[in-house]
Amino acid sequence: MGDASGPLVQQLCAIVGPAHVLQGHAELLPYMTDANRAFRGTPLCAVAPGSAAEVAAVVSACRAAGVGFVPRGAGTGLSGGATPGDGEVVISLARLRRIVSVSERSRMAVVEPGGINTHLSRFVAPLGLYYAPDPSSQSACTIGGNVAENSGGAHCLKYGVTTNHVLGLEVVLPDGAIVRTGVLGPRCGGYDLTGLFCGSEGTLGIVTQIAVRLLRRPEAVRTALALFRSVEDAARAVEEVTTSAAVPAAMELMDAHAISAVEKGTYPVGFPDWVGASLLIEFDGLAVGLDDHVQAALDVCQRCGVVEARSAQTPEERGRWWNNRKAAFAAMGRVAPAYYVADGVIPRTALRQVLDQARRIADQEGLWLANVFHAGDGNLHPLLAYDPAQSGQAEAVMEVGSAILAACVYAGGAVSGEHGIGLEKRDELYYYFDEEDIAAQRRVHDALDPADTANPHKLLPRPGRCVEVRRAAWDPRATVAGGGRS
Amino acid sequence: MGGVGTVEELGALRDAIEHAGISVKVVASTPGQTVGGVVPAAIVRPADMDALVGLVSIARRMGLGLIARGSGSQDGWGGPIRLPAVVVDLQAFRGIISYQPGDLTVRVRAGTPVGFLNTSLAAHGQTLALPTFGSATVGGCVVGDRGGFRGSGGIRDLVLGLSLVDGAGRAFKTGGNVVKNVSGLDIGKLLIGSFGTLGFVTEVACRVRPVPARTAISAARWPDRVQALAAMRLVEDAGLLPAAAAMVQEDGWCATLLQWEGNAAEVEHQSTRVRELWSAGERVEDPVAGGRLRAAEAADVQRGGVRVRCQVDGDALSVAWRGEALAGRPQAVVWPLAATLFWSWPDLDDTMEAVTVLRSAVQQAEEVGGLVTVIDAPKGVVQAAEISPWGNPGPLAGLYRRMKSAFDPDGILSPGRFIGEG
C-alpha cells in the first residue's frame, strides 16, 4: 500500500465509519478472490457502505483519487467478476439487504442488492409468490450479484434468466450520480437502461435497489427422473422433449462421472451402477394437465432408450433429487482436491457432438471431466478435476476450459450462459465477436465510465486481440485429425 | 449541401447514390405519406448491406435524416420528424438466415414479416410467440418493443441477438443465437424500443416455441366497466393461467376476452371453469369472440383520431380503466397481463377537441402514476397540446443522450422522433 493511498482510506472511513472499512492482509483475505480461485488481487481496502448515498460517496471518492472500485455481493461468482485488482477498493453490498417493499397486486418486490436470493422467495411465500431465478448457489448468492452477472439457474428453461425478471433499478453511476430506471424511474419512454445494466458486471456502476417481478407459485409440480445407459440417449431425449408441445420448467443432465461424485456427497440418491446419464425433468403449472405432460416426456424418453424412469412419489423424494443435483459442484470436493467449472452454451441439437468433443479435449490433457448441466437450454457446465499442488495443472485446466468454449462457439453457441465474463473469459468473447462488435460495446461502456474506474478490466476484452485469440484457439479439425489445440 | 425536398435536392441524393455505386432505389413520396405527422422527401430502398452502409454515409454528408421503416405500422408513433429526412424502407432485408427446429431458435433478416415467419415455423409445428400485427416486420417489432397482450415481456424476452448498422455506418452484432447467452454488455437491449433512433436492425435471432397442442377463447359481455373488471379479477383469484387477456370497452358495453393454451386437460378445465365464473355475463361465441380478441391485440397499431397508450401497474390499472378524468368518452382496450391500457378517440380530427382529449389522457395517466405514449394524433396536435409524446425523462435525459450519441453521433436517425436528443 503506497502512502498516496492513505488519504483515500481516511476519506472512506469518514464516509462509512471506520468499523466498516477493512484493511490489512488477514482481514482482506476473503476479498481477494471470488469463487474462481484462479484470479486473485490485493485490494487497498474493503468498505461496506450502509446506504445508496454512502455508495455514491465512496464511488465519487475513488473516482477523484483515480482508484478503481469493485462491487461485491456474496463472492460466489465463478468468473472473477468480484476479484479486485491490486490496490483497488472493494465495495461490499452486504449491509444493503433490506426488502424495501412488496406489492402483491403488482407482483413486484423492491430489494436492496445484498439480500440473499432465497430470502426473498421465503419472505413472499405467505402471499403465494416467489422469485424465479434460482442459481445453484441461491442460498448464498445475492440478488445484486445475480443482476451484475445476469445469473440463470435450473428453471430458466421456462422462466428466463435474471434480466427477464428485473423491472427497474437504482444505480450509482461511475461519476457518483444516483439514477433510477424502469419502474423505479421517471414514467417516460426511453432506452432500456435496466436491460443494459443487467449483466454489466459492475462495469457501469453499482446497483443499490432492484425492482423484481414475482411469480405466483405454481399450483403443482411434477418431477421425473429418467436413467439412461449413455449420455447420447439422454441428449436425444432432451432435444425431443424441449421441442414437444409443453416447455418443461427444468431439465438437468448428469453424466456417469458427475453421478459418481454426487453419490459420494451429502445427498446420495442411490443410482444403479450401469447408469451412464440421468435426466431430471420437471413440469409445473395447473395440477390438471401436469400428469399428461410428464407422461408425454416419459414416452419420449422411452423412444430414446431410457432404462428406468419414474415420477417423484413425495415432495421429500423430489427434494432429495434436487438437493442431489444442486450439490453436484460441492460434491466434486469428494473426488478431487480442486475443480474448475466451465460454462458454455450450445444449440440443443449439438449436445451430443460437443459433449463428445469436450471429452476428447479433456482426455488429451489427461483430465477427469464430469458433466452436470442445464440440458434443456443447452447450458453446459463441464467440471474439470485437478490438483493445484501439481505445477501446471491449474493452467492446463483453464486451457482445456477455453478449448471447450471454442467448441461451443464452433457449434453455434456462446462462451457463457450464466457465470459471466469477468476476468476469466474476456478474450473468449472474440470466439464469437469481431473487433467491430466489441468496439460497439466499448463505446457504450465509455459513455458511462470514460475513466474506467468501475470494476476495471472486467467483462470487455482488450482491443486488437481478436486475430491473436482466434489463432490460439482450439480448432475442431485438429482434434478430428488426432492433433490437439493448434 | 442543403435539404432534400425539392426536385433538385432529390436529384443530388440520386447522384450521390449513383456516384457511390450502391443499389438504392429512390421514390419521391406523396403528400399523404406522413411519418410522425410530417411528409418525408422520399422513400429509399437499399437492396443490401453495402447499400445501407453507403446510404448512411451519404446521409451524414448531406445532413439528411433517415427514418427506418419495416411495414410502416408504427409510422404514427413518436414526435414529428425533423426534415429534411427520407424513409428507409428495409423490406429488401427479408428471409430466414438459419432455422434449427430442434433448437427452437431462428435467425431472420429484420424486414421479414412476422406473419411470413410464423407460416414458415408452422411447417415444423412452431411459432414466434408474437401476434402477426398485420404485415409488421420482425425488425419493426424489435425497435417498437411490440409485445402484445401476453403476460411475458413480449419481444424483449424473445430476442437473443441482433445485427445492425448504426448512425455512423458501423455494422456489428450483439448477443448470440442460443437461448441463453451472456456475451459482454447487453447493448442489444438498447435497440429494443428505440424506434429507429440508434441503428437499422438488419438481423434478429430469436427463440421460438412449439405451437400449443390446444387453444381456446373465452369471452363475455358486461353492462359496465366495473363488472368487467370484477370478472377479470375472478379469473386471477381462481388461479387460472390465461395465455392472453383483454378487456374492451365500446359504446355501452364491455367485453372480457381470454385465450387458453396448453394440453387438452388444461384448456378444457380452464374454459369450463371460466364459464362458471362468468355465468352472470352474456356469453360471446366464436368467431365473434376471436375477432374481438384479434382487434384488441392490434390496439397499438390502429391509426386515426387520437390514440394513446398508458402503462400502469397493479391497482392503478383499475383506476385508470374507470378513466374518470378522460374527456369525450373514448373507446378503451386493456391488456391486463401486460399492465397496458389504450384510449382511442378514433374519429376525432378537430384540432381543439383533440388537444383537449390528449391533455385529459395525460392528466388521467399522471393521476394513476402511469406512463403515456401518444401513438397517433392529427397533425400538429401533440405540439398544440404542449406535451412530450414520451413523457418527461427527468434525470435520465442525460443518459439517454449519451446512449444516442454512442450509436448516432451526428443525430441522423429518425431525428425528433424519440428521446435523447438535444
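Residues numbered from 1 in each chain as written. Chains lettered and ligands numbered in written order. Predicted model: local features only at pLDDT ≥ 70, side-chain atom pairs only at ≥ 80, totals over all residues. Heavy atoms only, no water.

## Topic: the domain arrangement of chain A
All names here are of chain A. Considered domain by domain, chain A is made up of domain 1 (7-92), domain 2 (99-216), domain 3 (220-326) and domain 4 (336-478). Each partner contributes to the interface: domain 1 provides 15 residues, whereas domain 2 provides 15 residues. Summed over both sides, the interface between domain 1 and domain 2 buries roughly 1,100 Å², with carbon and sulfur atoms accounting for 72% of that surface. Counting across the interface, domain 1 meets domain 2 through zero salt bridges. Put simply, domain 1 and domain 2 have zero residue pairs in polar contact (both at pLDDT 80 or more) between them. Within the residue set of the side of domain 1 that touches domain 2, elements represented by two or more residues are helix 3 (52-65) and strand 3 (69-72). In terms of residue count, helix 3 provides more of the side of domain 1 that touches domain 2 than any other element does, seven residues in total. (Domains from an automatic or database assignment. Contact = heavy atoms within 4.5 Å. Buried area = accessible area lost by both parts, 1.4 Å probe. Salt bridge = Lys/Arg side-chain N within 4 Å of Asp/Glu carboxyl O. Polar contact = N/O pair within 3.5 Å; in protein donor to acceptor, adjacent residues only side chain to side chain. Helix = DSSP H or I, 4+ residues; strand = E, 2+ residues; numbered from the N terminus.)

## Looking at the side chain of Asp75(B)
Residue and element names in this part refer to chain B. Looking at the secondary structure, you find aspartate 75 in the loop between strand 3 (65-69) and strand 4 (85-89). The exposure class assigned to aspartate 75 is buried, which follows from its relative accessible area of 8%. In this structure the side chain of aspartate 75 is engaged in a polar contact, spanning 2.5 Å, whose partner is the side chain of arginine 69. Beyond its immediate sequence surroundings of up to four residues, aspartate 75 is in contact with Thr34, Val35, Gly36, Arg69, Arg303 and Arg417. (Buried < 20%, exposed > 50% of the residue type's maximum accessible area, 1.4 Å probe, protein only.)

## A few points about the sheet that holds strand 9 (residues 178-182) of chain A
What holds strands together in a sheet is hydrogen bonding between their backbones, with the strands either parallel or antiparallel. All names here are of chain A. Spatial ordering of the open sheet is given by 5-6-10-8-9, a layout of five strands whose pairing is antiparallel. Among the strands making up the open sheet, the edge pair consists of strand 5 (99-103) and strand 9. Strand-to-strand twist in this sheet, taken as the mean axis angle between neighbours without regard to direction, amounts to 10°. Where strand 8 (residues 166-172) meets strand 10 (residues 206-213), six bridges bridge the pair, whose relative direction is antiparallel. (Pairing = 2+ DSSP bridges. Axes fitted to C-alpha atoms, helices over the stretch in contact; angles between N-to-C directions.)

## Thoughts on the nonpolar core
With 117 residues, the main nonpolar core has Leu190(B), Val204(B) and Phe407(B) as its most contacted residues. For this core, the leading source of residues is helix 14 (residues 393-410) of chain A, giving eight residues. Counting residues in hydrophobic clusters, the runner-up holds 46 residues, among them Val267(B), Val308(B), Trp343(B) and Val381(B). (Core = buried A, V, L, I, M, F, W, Y, C linked by side-chain atoms within 4.5 Å.)

## Let's talk about the domain arrangement of chain B
All names here are of chain B. Per the domain assignment, the segments of chain B are domain 1 (7-89), domain 2 (96-210), domain 3 (214-297) and domain 4 (306-394). Put simply, the middle of domain 3 and the middle of domain 4, counted by C-alpha atoms, are 25 Å apart. Taken together, the contacts link 17 residues of domain 3 with twelve residues of domain 4. Regarding the contact of domain 3 and domain 4, the summed buried area is about 1,300 Å², with carbon and sulfur atoms giving 59% of it. If you sort the residues of domain 3 by the area they bury against domain 4, Arg225, Met247 and Gln249 come out on top, with a joint share of 40%. At the boundary of domain 3 and domain 4, one finds zero salt bridges. Where domain 3 packs against domain 4, one counts five residue pairs in polar contact (both at pLDDT 80 or more). Of all elements in the fold, only helix 6 (225-237), strand 13 (244-250) and helix 8 (288-297) reach the threshold of two or more residues within the side of domain 3 that touches domain 4. Top element by residues in the side of domain 3 that touches domain 4 is strand 13. It accounts for seven residues.

## Observations concerning the packing of aromatic side chains
Tallying each qualifying case throughout the model produces 13 aromatic pairs over all chains. Between Tyr191(A) and Phe418(B), the ring centres sit 5.3 Å apart and the planes meet at 70°, which makes this aromatic pair edge-to-face. Linking Tyr191(A) in the loop between strand 9 and helix 7 (193-197) with Phe418(B) in the segment after helix 12 (397-407), this pair reaches from one chain into another. Residue Tyr191(A) shares its accessibility class with Phe418(B), and that shared class is buried. Here Trp390(B) and Phe418(B) contribute two aromatic rings whose centre-to-centre distance is 4.7 Å and whose plane-to-plane angle is 90°, an arrangement assigned as edge-to-face. With Trp390(B) in the loop between helix 11 (381-384) and helix 12 and Phe418(B) in the segment after helix 12, this residue pair connects regions lying 28 residues apart in the sequence. Phe418(B) carries the same exposure label as Trp390(B), and that label is buried. Every member of this aromatic cluster is reached through a ring pair, and the members are Tyr191(A), Trp77(B), Phe195(B), Trp390(B), Tyr400(B) and Phe418(B). Just above the ring of Trp274(A) sits the side chain of Arg229(A); from NZ or CZ to the centre is 5.1 Å. (Phe/Tyr/Trp six-rings, centres within 6.5 Å; stacked < 30°, edge-to-face > 60°. Lys NZ or Arg CZ within 6 Å of the ring centre and 35° of its normal.)

## Focus on the sheet that holds strand 9 (residues 171-175) of chain B
Sheet architecture is open: five strands sit in the order 5-6-10-8-9 (chain B), paired in antiparallel fashion. Only two strands of the sheet have a single neighbouring strand rather than two, namely strand 5 (96-100) and strand 9 of chain B. On average, each strand axis in the sheet is tilted by 15° relative to the strand beside it, whichever way the strands run. When strand 5 of chain B meets strand 6 (residues 105-109) of chain B, the two strands line up antiparallel, connected through four bridges. Looking at strand 6 of chain B, one finds that Ile96(B) is bridged to Val108(B). Relative to strand 9 of chain B, helix 15 (residues 435-448) of chain A is tilted by about 75°, and along the sheet it contacts strand 8 (159-166) and strand 9 of chain B.

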